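# Geometric and topological summary
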Amino acid sequence: MKTLDHDLERTARRRVAARLGWTLHALVFLAVNAGLAWLSWRSGRDWAVFPALGWGLGLLVHGLVVWVKRGGGGLHERWLAQERERLQQQRRA
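Here's what I pulled together on the structure shown here. What you see is a predicted model, and the numbers here were worked out from it, not measured in a lab.

## A few points about the pattern of salt bridges
Scanning all chains against the criterion turns up 1 salt bridge. For arginine 86, the salt bridge identified is with glutamate 83, shortest N-O distance 2.6 Å. A residue pair is termed a helical-turn pair when its members lie 3 or 4 positions apart in one helix, as arginine 86 and glutamate 83 do in helix H3 (residues 75-92) at 3 residues. Judged by its relative accessible area of 44%, arginine 86 falls in the partly exposed class.

## Observations regarding helix H2 (residues 49-69)
Helix length check: H2 (21 residues) gives 28 Å between terminal C-alpha atoms against 30 Å at 1.5 Å per residue, within 8%. Turning to H2, its buried residues number three or more, namely Leu59, Gly63 and Val66. On an axial view of H2, the arc spanned by its buried residues comes to 65 degrees, and they lie on one face. What points out from H2, more than 90 degrees from its buried face, is the exposed set Phe50, Leu53, Leu57, Leu60 and Lys69.

What counts, and where the lines are drawn
- Residues numbered from 1 in each chain as written.
- Predicted model: local features only at pLDDT ≥ 70, side-chain atom pairs only at ≥ 80, totals over all residues.
- Heavy atoms only, no water.
- Salt bridge = Lys/Arg side-chain N within 4 Å of Asp/Glu carboxyl O.
- Helix = DSSP H or I, 4+ residues; strand = E, 2+ residues; numbered from the N terminus.
- Buried < 20%, exposed > 50% of the residue type's maximum accessible area, 1.4 Å probe, protein only.
- Expected span 1.5 Å × (residues − 1).
- Arc of directions from axis to C-beta.

This is how it looks when you write it as structure tokens:
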């Protein structure tokens, strides 16, 4: 029982760290790109969109890994629970 509690704690900490890492990434993205947008506006050119698009793609992939694949957003757990329920219903039938 103690091992199960330890494993759950470790998994919970890893998932929270992943969410926090993505949140920090998003905040830095917003701050830096706001500054770049301001510099771009001051120069009279629209160049800031390019770093924002590139970095935004990286942020999107990071988010997909954290929130979908790793189960950070609960989607993974919901799908697992649904599949377990389907399998249990099939076994009973």
